[in-house]
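What follows is the residue order along each chain.
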Amino acid sequence: MVVSLGVLTVLALFPWFHPPIYFVSLLFVVFMYVALASSWNIIGGFAGYLSFGHVAFFGIGAYATGLMMKGFHLSPAATILSSIPAGITAAVIAVIIGYPCLRLRGPYFAVITFCFAFVVDLGIKNLDIVGGPEGLWLKSMNLPIGITRSILFEVMMAIMVFAVAFAVWTSRAKFGAGLRAIKEDEEVAGTICINAPRLKIKAFAVSAFFPGMAGGIYAYYLTYIHPDIVFDVNISILIVLMALFGGGGTWLGPVLGAVILTLVNEGLSTFVRAELARIIYGCLFIVIITFMPNGIMEFFRRREKPEKT
Amino acid sequence: MNTTLVLQSLISGIMMGSVYALLGVGFSLTWGVMKVINIAHATFGLLGAYLAYTLLKYWGLDPILSLSVTVPALFICACFAYRVLISPIMRSKDVVVSSMILTFGMAIILENLMLLIWSPDPRLMTTSYTSKVLVIGPLYFQYPKLAGFLMSAAGILIIYLFLKKTYTGKAVRAAWQQPDAAQLYGVNLGRISMITFGLAVSSAGAGGIAMAFLYSFEPHTHNLWLIYLFLVVIVGGVGNVLGTAAGGLIIGVITGLSMAFLPYQWVNLLTFGLLMIILIIKPQGLFKGEV
């Protein structure tokens, strides 16, 4: 607990050391993926419902903030706060779409969520009121880029802390126990008075709230959003991989997974040719899934406890 | 409503659909028999297309003739991939999820290998009969599309006969229906899985070549094919060869007709929306499950 507080304080003070903007941006992205993976984990790792279209909520949050800023001519502070309604919008849509979708299991749920992301993506591309295929421009803060980035850095860090804190709470509370029961055997969970449908919808809604907020802040960070950017399929898949890589069902897993995979991806892309980097990235997936199929956390936990005969 | 237009788009839809069907059959088989969702299925198909393209461009070998090279080559690749990469994860708790992640890694590797070897430029297979058209009444049948269609129909027929008539094929079906009982009858699940995978991937290669007869392709095209694969397999029913074939035709026809009457951007929206609706109403597929 003390260690994590210490790490967080250091990270929070990071921009004050005037590092090159690249590192501020890099950590921004790391925080964002940690938040995304941790909140995805609520429905994916704990409940076992792998949503392969989670980027839809990210994009919805981005567009919600963008549209609110344009429509109401919000000031910078208000725009940052508008990420909260953006997150709520995403959560509401998750509830609406969750009712039909959460009835499906396993791979079918994965496919329908995957489709949902595409449907939203194509839907927005066809609506010219929201910018359509030309995207949406946001007004940037009238401050030097270093300061803008640092402010958003702190905000994203706050979102990440809340997302991870929620994940920690889930892993220890009745809510999380209920989700785990659903993952193990949904029918049996029903027999011990666990209201599976309600829990699933709640989990899905919360798991959409944080990505919605993150999307809103990301929109402000980029000052330009376009469906191809904020509804990118790769983001969906990366989120799933980060959470599962680190270990679904634990709060620390997605954190580790997001940090490691983002940094590895960045490092590889910087030093190695792009295609080669992706090949190594792919090999990494294969190695990890072969030797650590339940994620890193499980692997280390098994090593710690010697087998009892 | 122009009847010629409707008929023409129907024909184009059927031709497109048959290719989806051939691609989908292998995908459906791996999912049904091995519980492996092969995200790299379309990528292997693309590899087949690139192989055929290279053989055509540098050795002048017609893609249909080069099938005798590409299909066995892919079969061997697949068996190798199965031995080395896939069989370890078959023992894991949740094969479906692990296989998705593993094959996703494979897909990334293959896609970037293709990017390195063939560059991101779109490729088109131009054979001696590319511009020839068969005209029957007011309808046009382009030779390459006909070739793709015939190839797909033949491929699906071969797979169907293999599964229904040959001993190995029956073993595959047994492994799909009741793996434990099949083992009691002496079916070596490991070997059957490898053969199924090899069959699926080589049919994917043939499907990719058939697709290349219709459209141009570049290393990222497999993503689009994959979406259609999911659609076809879910409509047709996982593991069900004839169902998947029918599903492919249905999807092809719907896409073909919608391309003629809807603005371009709405066609894809229709496809995905359709998949969502089908999943909500009837996720087991429109056909009864039986290989």
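Residues numbered from 1 in each chain as written. Chains lettered and ligands numbered in written order. Predicted model: local features only at pLDDT ≥ 70, side-chain atom pairs only at ≥ 80, totals over all residues.

This brings us to the overall build of chain B. The number of helices and strands found in chain B is 11 helices and 2 strands. Listing the helices and strands of chain B from first to last along the sequence gives α-α-α-α-β-β-α-α-α-α-α-α-α. Here chain B has a C-alpha radius of gyration of 19 Å; the compact-globule value for 291 residues is 19 Å, and the two agree. Counting only C-alpha atoms and orienting by the principal axes, one finds that chain B spans roughly 60 × 45 × 35 Å. Taking all 291 residues of chain B together, the buried fraction comes to 51%. (Helix = DSSP H or I, 4+ residues; strand = E, 2+ residues; numbered from the N terminus. Rg over C-alpha atoms; globule rule 2.2 N^0.38 Å. Buried ≥ 20, exposed ≤ 12 C-beta atoms within 10 Å, placed from the backbone.)

What follows is about the overall build of chain A. The helix and strand inventory of chain A stands at 15 helices and 2 strands. Its C-alpha radius of gyration of 19 Å places chain A within 12% of the 19 Å reference for a compact globule of 309 residues. Seen along its three principal axes, the alpha-carbon backbone of chain A occupies a region of about 65 × 40 × 40 Å. Relative to its full complement of 309 residues, chain A shows a buried share of 52%. Intrachain contacts of chain A at a sequence separation of at least 6 include 79% that bridge at least 24 residues. (Contact = placed C-beta atoms within 7 Å.)

The next thing to look at is the environment of A:Phe14. Residues and elements named next belong to chain A. Its place among the elements puts Phe14 in the loop between α1 (2–13) and α2 (21–46). In this structure, the C-alpha to C-alpha distance between Phe14 and Leu27, residues 13 residues apart in sequence, is 9.7 Å. Contact partners of Phe14, with chain neighbours within four places excluded, come to Pro19 and Leu27.

What follows is about the packing of helix α1 (residues 3–34) of chain B against helix α10 (residues 241–261) of chain B. Residues and elements named next belong to chain B. Contact pair α1 / α10: the axes reach a minimum separation of 6 Å and the direction vectors enclose 145 degrees. The two elements α1 and α10 meet at a crossing, and its hand is right-handed. A class-by-class count of the residues in the contact of α1 with α10 yields 16 nonpolar, 13 polar and no charged. (Axes fitted to C-alpha atoms, helices over the stretch in contact; angles between N-to-C directions. Left-handed = near helix turned anticlockwise from the far one by under 90°. Nonpolar A, V, L, I, M, F, W, Y, C, P; charged D, E, K, R; others polar.)

Next up on the list: the interface of chain B and chain A. Contact with chain B, which involves 32 residues of that partner, is made by 30 residues of chain A. Broken down by secondary-structure element, the contributors of at least two residues to the side of chain B that touches chain A are α3 (63–89), α4 (95–118), α9 (221–236) and α11 (264–281) of chain B. Take the side of chain B that touches chain A: its biggest share by element is 14 residues, from α4(B). Of the residues that constitute the side of chain B that touches chain A, the class distribution is 25 nonpolar, 7 polar and no charged.

This next bit is on the environment of B:Leu22. All names here are of chain B. Position of Leu22 relative to the elements: it lies in helix α1. Taking the C-beta count within 10 Å as the criterion, Leu22 has 30 such neighbours and is therefore assigned buried. Each C-alpha atom of the pair Leu22 and Phe149 lies 9.6 Å from the other, and the pair is 127 residues apart in sequence. Excluding residues that lie within four positions of it along the chain, Leu22 makes contacts with Ser152, Gly155, Ile156, Ser203, Ala206, Gly207 and Ala210.

Let us now look at the pairing of strand β2 (residues 139–142) of chain B. Side-chain direction in a regular strand flips from residue to residue, so the side chains alternate between the two faces of the sheet. All names here are of chain B. Judged from the 4 bridges that link them, strand β1 (residues 133–136) and β2 form a sheet pairing that is antiparallel. Following the sheet pairing, Leu134 is matched in β2 by Phe141. As consecutive antiparallel partners, β1 and β2 are separated by 2 residues, and within that stretch Gly137 has a phi angle of approximately 65 degrees, a positive value. (Pairing = 2+ DSSP bridges.)

Turning next to the packing of helix α3 (residues 55–72) of chain A against helix α10 (residues 196–222) of chain A. Residue and element names in this part refer to chain A. At a minimum axis distance of 6 Å, the contact between α3 and α10 shows a crossing angle of 50 degrees. Between α3 and α10, the angle falls in the class oblique. Relative to α10, the crossing made by α3 is right-handed. Contacts from Phe57, Phe58, Gly59, Ile60, Gly61, Ala62, Ala64, Thr65 and Gly66 in α3 reach Ala208, Pro211, Gly212, Met213, Ala214, Gly215, Gly216, Tyr218, Ala219 and Tyr220 in α10. For the contact of α3 with α10, the residue count by class is 12 nonpolar, 7 polar and no charged. (Parallel < 35°, antiparallel > 145°, perpendicular 65-115°, else oblique.)

Take unusual backbone geometry next. As a rule of thumb, non-glycine residues mostly have phi less than zero, and peptide bonds are mostly trans rather than cis. Residue and element names in this part refer to chain A. A positive phi angle is found at Thr223, which is not glycine, with a value near 60 degrees. Topologically, Thr223 is positioned in the loop between α10 and β2 (224–225). For Thr223, a count of 15 C-beta atoms within 10 Å puts it in the partly exposed group.

Caution is warranted with low-pLDDT regions, since their predicted coordinates should not be read in detail. When pLDDT is averaged along chain B, the result is 84; 97% of the residues meet or exceed 70. Of the two predicted TM-score estimates for the complex, the pTM is 0.83 and the ipTM is 0.77. (pLDDT = per-residue confidence, 0-100.)

Attention now goes to helix α2 (residues 41–59) of chain B. Over its 19 residues, α2(B) extends 27 Å from the first C-alpha to the last, a length consistent with the 27 Å expected when each residue adds 1.5 Å. Once α2(B) ends, the next one or two residues include B:Gly60, with phi positive near 65 degrees. (Expected span 1.5 Å × (residues − 1).)

Attention now moves to the nonpolar core. Residue and element names in this part refer to chain A. In terms of nonpolar packing, the biggest core is built from 200 residues, with Met156, Ala214 and Ile217 touching the most fellow members. The element best represented in this core is α10, accounting for 15 residues. The contact partners of Met156, leaving out residues within four places of it in the chain, are Phe28, Phe31, Met32, Ala214 and Ile217. (Core = buried A, V, L, I, M, F, W, Y, C linked by C-beta atoms within 7 Å.)

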